[in-house]
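Observations on the three-dimensional arrangement
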2 protein chains.
Amino acid sequence: MLDSFYIDLAVNEAWKYWGLTYPNPPVGGLLLDRSGKIVSISAHQRAGSPHSEVLLFQNAFWKLTKDREILNLSDSQDIHNFLYENHKGIFKDFTLYTTLEPCNHFGKTPPCSLLIRNLSIKRVVVGTLDTNPTASGGVQYLQSSGIEVDILNSPKAKYLVEPFEKWSKGRFIFFKYAQRLDGSIDGGTISSLESRKYIHSIRDRIDLMVIGGETVRTDRPTLDSRLVGGSAPDILIYSRYREFDKTIPLFSVPDRNVYIDSSLEKIENYRFIMVEGGYNLLQAILEYIDWVMVIISPTLSTSSTIHNLNIQFQIIHHLQIGEDIILWLRKKSPSTN
Amino acid sequence: MLDSFYIDLAVNEAWKYWGLTYPNPPVGGLLLDRSGKIVSISAHQRAGSPHSEVLLFQNAFWKLTKDREILNLSDSQDIHNFLYENHKGIFKDFTLYTTLEPCNHFGKTPPCSLLIRNLSIKRVVVGTLDTNPTASGGVQYLQSSGIEVDILNSPKAKYLVEPFEKWSKGRFIFFKYAQRLDGSIDGGTISSLESRKYIHSIRDRIDLMVIGGETVRTDRPTLDSRLVGGSAPDILIYSRYREFDKTIPLFSVPDRNVYIDSSLEKIENYRFIMVEGGYNLLQAILEYIDWVMVIISPTLSTSSTIHNLNIQFQIIHHLQIGEDIILWLRKKSPSTN
């Protein structure tokens with residue numbers, strides 16, 4: 001099969017953890033043994049936890065040796081050390097696919113480039129290069145170690161890291177909403193429990209959540225991540241009116257800042273920002289939005305929603321989650337009227 | 001990797017030709033060489049043309065031998081014969097994944113079960129059994145030939161052939177509509193050229209198309225498959241009023257029957273039926289509908305559409321096509337009000 005086939009499988013795996021790896025990029029990987037058989041597929045799941053490549057080798061070591069001991073390790077350095085001591089050349093001449101250039105620096109975890117070299121991988125196929133100067137240089141290091149490297153410049157791999165490139169240099173802002181198939185967004189809970197859990201795990205990772213004043217007054221939300229036992233993001237209530245009933249639950253969540261502002265100045269202090277709202281809020285802040293994430297519940301409802309937007313999006317990715325489907329969209333040629 | 005991983009890849013490939021294989025089932029396949037490397041992935045594309053298994057071996061033969069001669073063959077019997085004469089045991093001990101039990105009878109093409117046996121495949125993994133008595137028996141034949149067979153009973157593989165099972169025993173009726181992200185369905189062409197080509201290739205295969213009288217009067221459509229140079233289906237205009245301007249293009253398409261009827265009796269004479277329309281028509285004939293296919297254009301528009309439906313669907317499959325996404329839906333707990 002073509003390299004793009006394997007990279008696409010790795011890209012799809014990485015999307016399952018989109019948003020959850022912040023401030024790291026989402027990265028997926030796939031390992032072929034020397035005869036070309038897929039041994040493992042993995043993705044980076046959370047900053048501070050092992051990189052995709054480390055999980056690939058951890059999983060592959062277990063599969064190839066049946067030795068479960070490595071599965072007990074969760075610290076990246078421990079897995080590196082275990083592999084160095086125990087690999088005995090089993091990965092020699094394997095091919096590694098990774099959606100992003102392997103890291104080349106000691107951050108929260110040791111560099112993947114070193115691990116790849118030490119395990120005698122023959123060929124590394126990279127979806128797209130890392131534009132972050134701190135972590136990049138992996139390809140150069142691998143090549144100078146005699147490893148064959150192919151860089152695919154895959155558009156799908158590039159889309160995957162677009163948010164990372166934005167939050168690394170400034171900020172990434174995405175608008176999230178849930179709708180039914182017919183576009184209606186009112187009338188109570190729309191998305192399935194599994195979708196809501198995913199959104200809560202994203203709330204656990206973002207820096208700031210922006211929400212409209214009307215939603216706060218009407219829904220009296222908590223805006224935490226209780227479904228996954230995570231932390232609650234800071235909140236910016238984007239509203240012309242500054243008076244809110246302070247018994248609304250979101251004001252009582254500990255360890256969070258809540259701002260009420262008629263401007264978006266506060267976003268300057270944050271890097272990974274989710275806006276939750278409806279069509280009105282989308283229209284109001286469209287120019288600030290990098291991506292839109294829509295959760296579509298496959299239902300029709302007599303609830304009706306009217307909006308005043310004309311936007312063409314481009315589909316970046318789609319994924320079924322529970323009973324719903326998630327679309328990641330990028331503005332194509334925005335215009336409001 | 002697990003068997004389900006490979007079957008899912010084959011299922012996804014088969015979906016690309018959904019509806020186009022009628023009256024055959026959609027079938028996808030994947031071939032692993034004796035070391036477990038993926039050699040080829042394929043899907044049945046059209047009744048009368050080679051089955052998925054034959055395309056798999058044709059493609060794999062070329063990849064393994066670099067002999068392009070086999071690629072010049074398009075007739076299934078010719079490919080069978082070529083493989084018998086030239087395979088020289090290259091497929092010995094390979095593993096074949098197929099979403100549906102291999103056929104075991106001489107129909108328009110020779111039986112795949114015979115080909116699989118003659119090429120000395122070691123193991124066959126079947127997504128789901130064929131419930132059609134004419135073609136079934138493949139698994140039994142393979143097992144009696146000493147081939148290892150595993151049957152996964154994969155839900156995804158079962159969904160794929162649900163329409164086939166219905167049209168084999170009576171009829172399969174699906175409702176197709178195109179919408180924008182916000183549910184709006186009026187205001188001119190909605191889906192991208194690639195989506196419309198796909199719909200035209202489905203129109204080329206179906207027996208009957210049902211459409212509402214209002215759409216005929218308003219849109220004055222042709223309802224043929226000109227974008228793919230195919231044939232035009234028979235038309236049932238479902239309408240209380242029998243008077244139509246006969247200069248509307250659909251009436252002038254040669255080799256087609258056009259019925260105008262206030263009942264759906266005519267569907268009794270057809271097996272693969274597509275209904276194209278909007279929310280009103282969906283509501284009117286919901287009880288007859290097996291599946292709904294929605295093409296979603298990632299756009300928001302100030303066009304508004306009001307409907308009077310409350311339906312919960314289950315997502316059967318989703319696929320990006322051109323700039324749009326297609327959802328295949330099944331009613332979950334239908335109720336209209």
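Residues numbered from 1 in each chain as written. Chains lettered and ligands numbered in written order. Predicted model: local features only at pLDDT ≥ 70, side-chain atom pairs only at ≥ 80, totals over all residues. Heavy atoms only, no water.

Considering the overall build of chain A
What counts here: Runs of E in the DSSP output that reach at least two residues are strands. Runs of H or I that reach at least four are helices, and both are numbered from the N terminus. To get the radius of gyration, use the C-alpha atoms; to get the globule rule, take the number of residues to the power 0.38 and multiply by 2.2 Å. Only protein chains enter the accessibility calculation, which uses a 1.4 Å probe. A residue is then buried if its area is under 20% of the maximum for its type, exposed if over 50%, and partly exposed in between. The contact definition used throughout considers only heavy atoms, calling two residues in contact when any of these lie within 4.5 Å. Exposure was quantified through the Shrake-Rupley algorithm and a 1.4 Å probe, taking into account, for residues, occlusion by the shown protein chains and nothing else.
Each helix and strand counted, chain A has nine helices and 15 strands in total. Computed over its C-alpha atoms, the radius of gyration of chain A comes to 22 Å, within 12% of the 20 Å expected for a compact globule of 337 residues. C-alpha atoms of chain A, sized along the principal axes, occupy 65 × 40 × 35 Å. Counting every position in chain A, which comprises 337 residues, the buried fraction comes to 56%. Across chain A, contacts joining residues at least 24 apart in sequence account for 73% of those joining residues at least 6 apart. As presented, chain A carries roughly 13,900 Å² of accessible surface, and 45% of it is formed by carbon and sulfur atoms.

A word on the relation of the copies chain A and chain B
Put simply, the rule is: Each copy is superposed on the other by least squares, with the fit set by C-alpha atoms of residues at a pLDDT of at least 70 in both.
Laying chain A over chain B is done by rotating through 180° and shifting 0.0 Å along the axis; what remains is an RMSD of 0.0 Å. What the rotation and shift describe, once combined, is the action of a two-fold rotation axis. No C-alpha of chain A approaches the rotation axis more nearly than that of Lys37(A), which lies at 2.0 Å. Taken together, the interface assignments show that 100% of the residues at the interface of chain A recur at the interface of chain B, consistent with an identical surface on both copies.

With respect to the packing of helix H1 (residues 3-15) of chain A against helix H6 (residues 155-169) of chain A
All names here are of chain A. Worth spelling out the cut-off: Under this scheme, a helix contributes an axis fitted over its contacting stretch, all axes are lines through C-alpha atoms, and angles between N-to-C directions fall in the 0 to 180 degree range. What sets the label is the angle itself: under 35 degrees gives roughly parallel, over 145 gives roughly antiparallel, 65 to 115 gives roughly perpendicular, and the rest give oblique. Put simply, a crossing is left-handed when the front helix is turned counterclockwise from the back one by less than a right angle, and right-handed when it is turned clockwise. Each residue receives one of three labels: charged for Asp, Glu, Lys and Arg, nonpolar for Ala, Val, Leu, Ile, Met, Phe, Trp, Tyr, Cys and Pro, and polar for the others, Gly being one of them.
Direction vectors running N to C along H1 and H6 enclose 20°, while the axes themselves pass 9 Å from each other. Judged by the angle between their axes, H1 and H6 are roughly parallel. Crossing hand, H1 versus H6: left-handed. For the pair H1 and H6, the contacting residues are Asp8, Val11, Ala14 and Trp15 in the first and Lys156, Ala157 and Leu160 in the second. Taken together, the residues of the contact of H1 with H6 sort by class into five nonpolar, no polar and two charged.

What about the domain arrangement of chain A?
Residues and elements named next belong to chain A. Applied cut-off: For the domain bounds, the source is a domain assignment made automatically or taken from a database. Buried area is calculated as the accessible area (1.4 Å probe) missing from two parts once they are joined, with the contributions of both summed. Here a salt bridge means any side-chain nitrogen of Lys or Arg lying within 4 Å of a carboxyl oxygen belonging to Asp or Glu. Here a polar contact is taken to be a pair of N or O atoms separated by no more than 3.5 Å, where protein atoms must pair a possible hydrogen donor with a possible acceptor and residues adjacent in sequence count only if both atoms sit in side chains.
Segmenting chain A into domains produces domain 1 (3-168) and domain 2 (170-336). Taken over C-alpha atoms, the centre of domain 1 sits 32 Å from the centre of domain 2. With 17 residues of domain 1 in contact, the opposing surface of domain 2 contributes 21 residues. Among the residues of domain 1 in contact with domain 2, Trp15, Trp18 and Tyr22 are the three that bury the most area, contributing 36% of the side total. We note a salt bridge from Asp204 to Arg46, for which the minimum N-O separation is 3.7 Å. On the surface where domain 1 and domain 2 come into contact, there are nine residue pairs in polar contact (both at pLDDT 80 or more). Breaking the side of domain 1 that touches domain 2 down by element, the ones donating at least two residues are H1 and H6. If you tally residues by element for the side of domain 1 that touches domain 2, the top one is H6, at six residues. Tallied by class, the residues present in the side of domain 1 that touches domain 2 amount to eight nonpolar, five polar and four charged.

Description of a nonpolar patch on the surface
Residue and element names in this part refer to chain A. Counted only if it meets this: Residues with no salt bridge and a relative accessible area higher than 30% make up the patches, which join like charges within 9 Å and nonpolar side chains (Val, Leu, Ile, Met, Phe, Trp, Tyr) within 5 Å.
On the surface, a cluster of nonpolar side chains totalling about 220 Å² of accessible area is made up of Leu193, Leu227 and Val228. Structurally, the position occupied by Leu227 is in the loop between helix H8 (213-219) and strand E8 (234-238). Overall, the relative accessible area of 32% leaves Leu227 in the partly exposed class.

Let's talk about the environment of Ile289(B)
Residues and elements named next belong to chain B. By the element assignment, Ile289 lies in the loop between helix H9 (279-285) and strand E11 (291-297). Here the alpha-carbon distance between Ile289 and Ile202, two residues 87 residues apart in the chain, equals 17 Å. For Ile289, the contacting residues outside a window of four places in its chain are Ile173, Phe174, Phe175, Val275 and Lys331.

Some details on unusual backbone geometry
Most peptide bonds adopt trans geometry, and most residues besides glycine take a negative phi value. Residues and elements named next belong to chain A. Going from Tyr22 to Pro23, the amide bond is cis rather than trans, its omega being 5°. With respect to the helices and strands, the residue Pro23 is situated in the loop between H1 and strand E1 (28-32). One non-glycine residue with positive phi stands out, namely Lys88, at about 50°. Given the relative accessible area of 74%, Lys88 is considered exposed.

Some thoughts on the confidence of the model for chain A
Filter applied, for reference: Each residue carries a pLDDT value, the predictor's own confidence for that position, ranging from 0 to 100.
Residues with a pLDDT of 70 or more make up 98% of chain A, whose mean pLDDT is 94. Across the whole predicted complex the pTM is 0.94, and at the interface the ipTM reaches 0.94.

Topic: the nonpolar core
Rules: Among the buried residues, those of types Ala, Val, Leu, Ile, Met, Phe, Trp, Tyr and Cys that are joined through side-chain atoms within 4.5 Å form a nonpolar core.
Residues Trp18(A) and Trp18(B) are the most contacted members of the largest nonpolar core, which totals 104 residues. Setting aside anything within four residues of it in sequence, one finds Trp18(A) in contact with Pro26(A), Leu160(A), Pro163(A), Phe172(A), Phe174(A), Tyr198(A), Ile202(A), Phe272(A), Trp291(A), Met293(A) and Trp328(A).

Comments concerning the sheet that holds strand E4 (residues 123-128) of chain B
All names here are of chain B. To keep things clear, this is the line we draw: Note on pairing: DSSP must find at least two bridges between two strands before they are called paired.
The strand order across the open sheet built from five strands is E2-E1-E3-E4-E5, with neighbouring strands paired in mixed fashion. Looking along the sheet, the strands with just one partner apiece sit at the ends: strand E2 (38-43) and strand E5 (148-151). Sheet twist, expressed as the average angle between the axes of neighbouring strands with direction ignored, equals 15°. Contacting strand E3 (95-100) and E4, helix H6 (residues 155-169) crosses the sheet at an angle of about 65° to E4.

Notes on the layout of surface pockets
Let me state the cut-off plainly: In the cavity and pocket records, a cavity denotes points on a 1 Å grid over the protein atoms alone where a 1.4 Å probe fits but cannot get out, a pocket denotes an open set with protein on both sides within 12 Å along at least 5 of 7 lines, and lining residues are residues with an atom within 4 Å of a point. Grid points are joined across faces, edges and corners, and a volume is the space filled by probe spheres set on the points.
By volume, the largest pocket is sized at about 1,900 Å³. Around the largest pocket, the lining is made up of 46 residues, and of these Asn12(A), His318(A), Leu9(B), Asn12(B) and His318(B) lie nearest the centre. Elements that contribute at least two residues to the lining of the largest pocket include exactly H1, H6 and strand E13 (309-321) of chain A together with helix H1 (3-15), H6 and strand E13 (309-321) of chain B. Broken down by class, the residue content of the lining of the largest pocket amounts to 24 nonpolar, 14 polar and eight charged.

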